[in-house]
Amino acid sequence: MNIPESTLNQLFQSLGEYNPTTNEVMGKIAKVLIPLGLAILGILFMVEMTSVTKKFKMEDGGLGVEVLTDLAMKYIIAFVLIMSSGYIVDGIVWFGIQAAKWINSVVTITGTSDAIPQMGKVSWWAKPIVFLFQAFAYIALLLSSLITNILIFLRGIQLYIVKAMAPILIAFFVNDELRSIAVGYIKQIMALVLQGALLVLIVGLIPILMANDYLSFASFEGGVWDNAGALMINIMIYVVLIFKYVAVIIILIGSQGMAKRFMGAM
């Protein structure tokens, strides 16, 4: 896959580095939503306070200092989390960047623009047929590179959106019945972050898999292929390449779903 290094480097950038303007706008949106998050927190506090008070009245007891302290501490922590929600998202993204960099340091990502072999020797009348399959192989290669670029772009947009919505969704963490909303939100962020590391891993493994799997070009040597004509061998080489890149495209598109399954965000 002929993916520019500058494109892959986007996976190693923080949200502020990836697109400073968008990050600034989303930061402003997050600040605007902080009062709404605090309002939700206040409503949840009153609901829980009413529930706790009713519970102690039914038990012929009063609200003790310990109960009030625990309740207050929980909401104070929630208040701090809402006010620092943007930093929390940036922190999770930072850990994902480090994971992607570690993977990149082990798996060398190299371009495979020469992965499509030249046409073998065939009769003049067979060249247009072989050229057609060769063209489809190049199209599959270009599509895999294009889809990688689109996925990186879409992932960036989604990360900016979840960062902007952080103050509202984190507020639900204090409520036992609504906590799943906040937990699901955190899982969604972690899945998007993990997708970046998976994309680095997938793109890094593609050149290795292309050259060292059981569908390599060497599989068309010997056996039944000794009796096959040059036309058939050339066609099969390009057909195998097309299937390989179709498989790559499927894996790339499914990278976010894979990350969500790993994080339990499905």
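Predicted model, so just to flag it, every value in this text is computed and none were measured.

Peer 1: Please give an account of a nonpolar patch on the surface that cites residues and values.
Peer 2: A contiguous nonpolar surface patch, about 950 Å² in accessible area, is contributed by L132, F136, I139, L143, L146, I150, F153, L154, I157, I161 and M165. Locating I150 in the fold gives a position in helix α6 (residues 127-164). Using a relative accessible area of 40% as the deciding quantity, one classes I150 as partly exposed.

Peer 1: I'd love a proper account of the environment of L142, names of residues and values included.
Peer 2: Within the secondary structure, L142 sits in helix α6. Measuring from C-alpha to C-alpha, the distance between L142 and Y245 comes to 9.3 Å, with 103 residues separating the pair along the chain.

Peer 1: Run through the side chain of N23, naming residues and quoting values.
Peer 2: Tracing the sequence through the fold places N23 in helix α3 (residues 20-58). In this structure N23 comes out as buried when scored by relative accessible area, which is 16%. Leave out the neighbours within four places in its chain, and N23 touches L15, G16, Y160 and K163.

Peer 1: Describe the packing of aromatic side chains, and please don't skip the residues or the numbers.
Peer 2: Aromatic ring pairs are described here by two measures, namely the spacing of the ring centres and the angle between the planes. Counting across every chain of the model gives three aromatic pairs. Sitting above the plane of the F173 ring, R179 keeps its charged end 5.3 Å from the centroid.

Peer 1: Before we move on, can you summarise helix α4 (residues 65-83) with the specific residues and values?
Peer 2: For an α-helix the count is 3.6 residues per turn, leaving residues at separations of three or four pointing the same way. A rise of 1.5 Å per residue sets the reference length of α4, with its 19 residues, at 27 Å; its end C-alpha atoms lie 27 Å apart and thus fit the reference within 8%. Buried within α4 are the following residues: L71, Y75, A78 and I82. Projected onto a plane normal to the axis of α4, the buried residues spread over an arc of 50° and lie on a single side. Those residues of α4 that are exposed and angled more than 90 degrees off the buried face are V65, E66 and D70.

Peer 1: So what's going on with the pattern of salt bridges? Residues and values would help.
Peer 2: Applying the stated criterion across every chain yields a total of four salt bridges. When the shortest N-O distance is used, the salt bridge between K74 and E48 registers 2.6 Å. Residue K74 is located in helix α4, and its partner E48 is located in helix α3; the two are separated by 26 residues in the primary sequence. Its salt-bridge partner being K163, residue D90 comes within 3.1 Å of it at the nearest N-O pair. Of the two residues, D90 is situated in helix α5 (residues 85-106) and K163 in helix α6; the sequence distance between them amounts to 73 residues.

The rules behind each value
Residue numbering note: each chain is counted from 1, following its sequence as written. In keeping with the predicted nature of the model, local features appear solely for residues at pLDDT of at least 70, side-chain atom pairs appear and are counted solely at 80 or more, and the whole-chain, interface and lining totals rest on all residues. Side-chain metrics rest on all non-hydrogen atoms present in the structure, leaving aside hydrogens and water. Here, patches come from residues exposed beyond 30% relative accessible area and free of salt bridges, joined within 9 Å for like charges and within 5 Å for nonpolar side chains (Val, Leu, Ile, Met, Phe, Trp, Tyr). Computed with the Shrake-Rupley method and a 1.4 Å probe, the accessible areas treat only the protein chains shown as cover for residues. By definition here, a salt bridge exists when the distance from a side-chain nitrogen of Lys or Arg to a carboxyl oxygen of Asp or Glu is within 4 Å. For helices the rule is a DSSP run of H or I covering at least 4 residues; for strands it is a run of E covering at least 2, with both sets numbered from the N terminus onward. For every residue, the accessible area (1.4 Å probe, protein chains only) is compared with the maximum for its type, and the residue is labelled buried under 20%, exposed over 50%, or partly exposed between those bounds. In this analysis, two residues are considered to be in contact whenever any of their non-hydrogen atoms come within 4.5 Å of each other. Only the six-membered ring of Trp is used, alongside the rings of Phe and Tyr, when aromatic pairs are assigned; centres must lie within 6.5 Å, and planes under 30 degrees apart are stacked while those over 60 apart are edge-to-face, with the rest tilted. The criterion for a charge sitting over a ring is simple: Lys NZ or Arg CZ within 6 Å of the ring centre, and within 35 degrees of the ring normal. Given the number of residues in a helix, its expected span is that number minus one, multiplied by 1.5 Å. Read the arc as the range of directions from the helix axis to the C-beta atoms.

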